Amino acid sequence: MTDALPDALPAALAVLAAAGGLAAIAGLGRASRLAAELTTLRGLAEGRRRSFGLLARDMNSLGLALLGRAQLLATQSGGEEAGRAFEGEARHLLALADAAAEEAGGAVPARGLQEERFPLAPILREAVAIASAQLGPGKRHWRIAPAIENLAVTADRRALRGALVQVLGRAARATAEADVIEIRADLRPHAASIIIEDEGVGLAIEDLAPIAHDGGADRSRGLGFGLSLARSLLRAHGGELVIEAAPGIGARAFLSLPPERMAAVA
């Protein structure tokens, strides 16, 4: 029995070597597949960047053309109202062009969040002014809850303002002349939210995520580019954008942030 072991040893070593070789080959195969998948993902990312770049260029050109048309109309007799309407649409397109250009460059993750602590009320008033300018001749009554004056946030100032502009712009476009848009804050242990409520036409319920802020599924396929960008900006801060709406009743948008990012000023 013991004499047979030396004779069997070379065969056993050969089997082990073959098994090791097969494992190495399998490992090389997995590495090759991963490399191919990585190349595909890089190609998709580059295609996405290029598409957003083209979109930004086209929207910027159209926005500038509309702005020129608005200025021309404003100089003509009886064309002031039409000029203001064209200007509002032009400024909205230019704002979306800026947002698309940021996406083409990688948006917030690529440049990194430039975080600072600042009062919430001034940046909110800036966003209201920008959304109002995009509206053109229309007018909305913006009601900012007094408690917001006592709040501060820790965030990227430009990114938060951009998210606010997109959501406020949606509320303005969904409402009618002289409608009221309410803006308030809600501080809870699990999240701090800026809430924007309107009594506009509402969006289709099936295209939104009415319970996502309570842990429900993400069902926001109806969000347009502007709101999708707002959501990505909030998610870069660890937050979320959720919109509840009912046709004919209105909508409520929650711009949520981690609770440590928003607090009352000491």
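This is a predicted model, so every value here is computed, not measured.

## Description of the pairing of strand E5 (residues 192-198)
Reasoning step 1: Burial analysis of E5 places 7 of its 7 residues in the buried class, the great majority of the element.
Reasoning step 2: Across 7 bridges, the pairing between strand E4 (residues 180-187) and E5 is antiparallel. Pairing of isoleucine 183 across the sheet is with isoleucine 196, part of E5.
Reasoning step 3: Here E4 hands over to E5 after 4 residues, the two strands then running antiparallel side by side.
Reasoning step 4: Summarising the sheet, E5 and strand E7 (residues 250-257) pair through 7 bridges and their orientation is antiparallel. From the neighbouring strand, isoleucine 195 faces E7, where its bridge partner is phenylalanine 254.

## Some words on the sheet that holds E5
Reasoning step 1: Taking strand neighbours across the sheet as the criterion, the 5 strands line up as E2-E4-E5-E7-E6 in an open arrangement whose pairing is mixed. One side of each edge strand has no neighbouring strand; the edge strands of this open sheet are strand E2 (141-144) and strand E6 (240-246). Going across the sheet, the axis of each strand differs from the next one's by a mean of 15°, ignoring polarity.
Reasoning step 2: Along the sheet face, helix H5 (residues 157-174) touches E2, E4, E5, E6 and E7 and points at about 25° away from the line of E5.

## Some thoughts on the sheet that holds strand E1 (residues 115-119)
Reasoning step 1: Ordered by their spatial adjacency, 3 strands build an open sheet running E1-E3-E8, and the pairing between neighbours is antiparallel. Bordering the open sheet on either side are E1 and strand E8 (262-264), each of which pairs with just one other strand. Put simply, the sheet's adjacent strands are angled 25° from each other on average, direction ignored.
Reasoning step 2: Examined bridge by bridge, E1 and strand E3 (residues 151-156) share 5 bridges and lie antiparallel to one another. Note on E3: the bridge partner recorded for arginine 117 is threonine 154.
Reasoning step 3: Along the sheet face, helix H4 (residues 120-135) touches E1, E3 and E8 and points at about 90° away from the line of E1.
Reasoning step 4: Packed onto the sheet, H5 meets E1 and E3 and runs at close to 105° relative to E3.

## Digging into the environment of tryptophan 142
Reasoning step 1: Tracing the backbone shows tryptophan 142 in strand E2.
Reasoning step 2: Once the C-alpha coordinates of tryptophan 142 and arginine 125 are considered, the two residues, 17 residues apart in sequence, prove to be 9.5 Å apart.
Reasoning step 3: In contact with tryptophan 142, not counting residues within four places along its chain, are Val128, Ala131, Ser132, Leu168, Ala172, Ile181 and Ile183.
Reasoning step 4: One polar contact links tryptophan 142 to serine 132, side chain to side chain, over a distance of 3.1 Å.

## Some words on the confidence of the model for the chain
Reasoning step 1: Within the chain, residue pLDDT values average 77, and 72% of them lie at 70 or more.
Reasoning step 2: Within the model, pLDDT remains below 50 along residues 205-222, and this stretch shows 32 contacts once partners closer than five positions in the same chain are excluded.

## Description of the nonpolar core
Reasoning step 1: Membership of the largest hydrophobic core comes to 42 residues, with the highest contact counts inside it found for Leu120, Leu164, Leu168, Ile183, Ile196 and Leu255.
Reasoning step 2: Elements represented by at least two residues in this core include exactly H4, E3, H5, E4, E5, helix H6 (225-236), E6 and E7.
Reasoning step 3: If one sorts the elements of this core by residue count, H5 sits on top with 9 residues.
Reasoning step 4: Ignoring anything within four residues of it in the chain, the contact list for leucine 120 reads Ile148, Leu151, Ala152, Val153, Leu160, Ile194 and Met262.
Reasoning step 5: By size, the runner-up hydrophobic cluster in this structure holds 9 residues, among which are Ala56, Met59, Leu66 and Leu96.

Basis of the calculations
Residues numbered from 1 in each chain as written. Predicted model: local features only at pLDDT ≥ 70, side-chain atom pairs only at ≥ 80, totals over all residues. Heavy atoms only, no water. Buried < 20%, exposed > 50% of the residue type's maximum accessible area, 1.4 Å probe, protein only. Helix = DSSP H or I, 4+ residues; strand = E, 2+ residues; numbered from the N terminus. Pairing = 2+ DSSP bridges. Axes fitted to C-alpha atoms, helices over the stretch in contact; angles between N-to-C directions. Contact = heavy atoms within 4.5 Å. Polar contact = N/O pair within 3.5 Å; in protein donor to acceptor, adjacent residues only side chain to side chain. pLDDT = per-residue confidence, 0-100. Core = buried A, V, L, I, M, F, W, Y, C linked by side-chain atoms within 4.5 Å.

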